[in-house]
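# Analysis of the macromolecular model
Residues per chain, in single letters:
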Amino acid sequence: QHQIVYEIAHELGFDLCGIAPLAPPPDAGRFQAWLDKGYHGSMDWLQRDAERIADPRKVLKHERGSIVVLGMAHSRAAIELPGGGRVARYAAGRDYHNVVGHKLRKFTNRLARAGISGPQRRIVDAGPLLERSHAAKGGIGFASKAANLLHPRFGPWFFLSEMVLSHELEPTDSVVPGSFGTCTACLDACPTQAIVAPGQVDARRCISYQTIETAGPIDPELRQQLGPWAFGCDVCSEVCPWGHRAPDLSARFGRHKATAELGLVEWLEVGEAFAAEFDSSPVDRPGREGVARNAAVALGNVPSERGRAALLKALSFDPSSVVREAAAWSLAQAHGADQGVRPALERAAAVETDPQMRAAILAWRDRCP
């Protein structure tokens, strides 16, 4: 039956497929140690679901079964927004949760017709599972020092999804050849030094976490290091030698309007149109406030006259105090010496209703000559 699983997966367009046992992966203990260090930041659900995440048997409440791990490559050229600013390559196209999830539902139906059924759960990225560990155990990749998974052909550029089954299948016995050896490219290149040790990432310092998962203001100490990144970050993947020869698969997920036609200024100024402009895009995850906040910070690192005007407008009129404060930082960062910026920050502080944000705006004002 395991051979049938592989055949169906490839017929449906998955590039990689493996089978891991329904059991805690060998490195499950590292996950708890990672949590104990607080590296998960504000992602409290990881702590709440720690037992289920570490032991997949608790996901189905079955002692025996299998995990079918699937990979779908998404490699493409680097993505830059019109007028500057960058987003992670995976976020340029249609929401992968929808695309991969649709294929996974078809996969479930095909397995059922082949007699592989019973209690199950489909997972696309957002489930209680140490998916990279199970994927490595299932033979579809090997762990990198940046804590992602690598494949000889696709490098780090592929999505993972899983089918957790009560049905027992023969595990994959092959191992993907490859190693990171003595390479430290990802550790050396990380702009915020978020990779604190080989295989360990402090999410609180990670650009992807700061621009996607965190709510409220982005850590001021990290803003300059964010550079042009407005959503996610690809630095550790871009410098990885394993990813340099990955094929161009940009047609698979296309290019969403939110990244193809809208730039940082449009991201900052988007208001009630947010739902329509960012529908079916991964970029909608942090919501309107998060997207505008990210754009404001990025405009401080990739300055322009158009950006300056948009930041001044946001400083006075954006409905979010988080965005107003981010605009104040960027104005001080990129345009602090310009005539009129310091007075604008003073006026904004005088009418700011959030005491914490008012104090921050005054601090950014004081950075101006």
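Residues numbered from 1 in each chain as written. Predicted model: local features only at pLDDT ≥ 70, side-chain atom pairs only at ≥ 80, totals over all residues. Heavy atoms only, no water.

Remark: the centre distance and the inter-plane angle together describe each pair of aromatic rings, the angle taken between the planes. Under the definition given, this model contains ten aromatic pairs. Judged by centre distance (6.2 Å) and plane angle (25 degrees), the ring pair of Phe 31 and Trp 34 falls under stacked. On the criterion of helical spacing, the pair formed by Phe 31 and Trp 34 is a turn pair, its members being three residues apart in helix α2 (residues 28-36). (Phe/Tyr/Trp six-rings, centres within 6.5 Å; stacked < 30°, edge-to-face > 60°. Helix = DSSP H or I, 4+ residues; strand = E, 2+ residues; numbered from the N terminus.)

Okay, the packing of helix α16 (residues 305-317) against helix α18 (residues 341-351) next. Where α16 contacts α18, the two axes come as close as 10 Å, and the packing angle between them is 20 degrees. Between α16 and α18, the angle falls in the class roughly parallel. For the crossing formed where α16 meets α18, the hand is left-handed. Mapping the contact onto sequence places Arg 308, Leu 312 and Leu 315 in α16 and Val 341, Ala 344, Leu 345 and Ala 348 in α18. (Axes fitted to C-alpha atoms, helices over the stretch in contact; angles between N-to-C directions. Parallel < 35°, antiparallel > 145°, perpendicular 65-115°, else oblique. Left-handed = near helix turned anticlockwise from the far one by under 90°. Contact = heavy atoms within 4.5 Å.)

Given a rise of 1.5 Å per residue, 13 residues ought to cover 18 Å, and the 18 Å separating the end C-alpha atoms of α16 matches this to within 8%. Within α16 the residues assigned to the buried category are Gly 307, Arg 308, Ala 310, Leu 311, Ala 314 and Leu 315. Viewed end-on, α16 has its buried residues packed into an arc of 165 degrees, placing them on one side of the element. Seen from the buried face of α16, the exposed residues on the opposite side, beyond 90 degrees, are Glu 305, Arg 306 and Phe 317. (Expected span 1.5 Å × (residues − 1). Buried < 20%, exposed > 50% of the residue type's maximum accessible area, 1.4 Å probe, protein only. Arc of directions from axis to C-beta.)

Right, let's get into the side chain of Arg 86. The topology assignment puts Arg 86 in strand β3 (residues 86-87). Taking relative accessible area as the criterion, Arg 86 reaches 16% and is therefore assigned buried. Of the polar contacts made by the side chain of Arg 86, one reaches the side chain of Glu 238; its length is 2.6 Å. Setting aside residues up to four positions removed in sequence, Arg 86 forms contacts with Ala 78, Ile 79, Pro 228, Trp 229, Ala 230, Phe 231 and Glu 238. (Polar contact = N/O pair within 3.5 Å; in protein donor to acceptor, adjacent residues only side chain to side chain.)

Judged by how many residues are buried, strand β7 (residues 158-165) sits mostly within the fold: eight of eight residues are covered. In β7, alternate side chains face the same way, and those of Phe 158, Leu 160, Glu 162 and Val 164 on one face and Phe 159, Ser 161, Met 163 and Leu 165 on the other are all buried. Bridge analysis of strand β2 (residues 66-73) against β7 gives eight bridges, and the strand direction is antiparallel. Bridged to Leu 70 within β7 is Ser 161. Alignment of strand β4 (residues 120-123) against β7, held across four bridges, turns out to be antiparallel. Bridged to Gln 120 within β7 is Leu 165. (Pairing = 2+ DSSP bridges.)

With that settled, consider the pattern of salt bridges. Using the criterion set out here, one finds 19 salt bridges in the structure. Salt bridges sharing common partners tie together Arg 86, Arg 89, Asp 234 and Glu 238. (Salt bridge = Lys/Arg side-chain N within 4 Å of Asp/Glu carboxyl O.)

Glancing now at the nonpolar core. Within the largest apolar cluster, 52 residues are counted, with the highest numbers of intra-cluster contacts made by Trp 267, Leu 268, Phe 278, Leu 315 and Leu 345. In this structure, Ala 9, Val 68, Val 99 and Leu 111 belong to the second largest nonpolar core, which totals 24 residues. (Core = buried A, V, L, I, M, F, W, Y, C linked by side-chain atoms within 4.5 Å.)

Geometric values such as these leave the question of function open.
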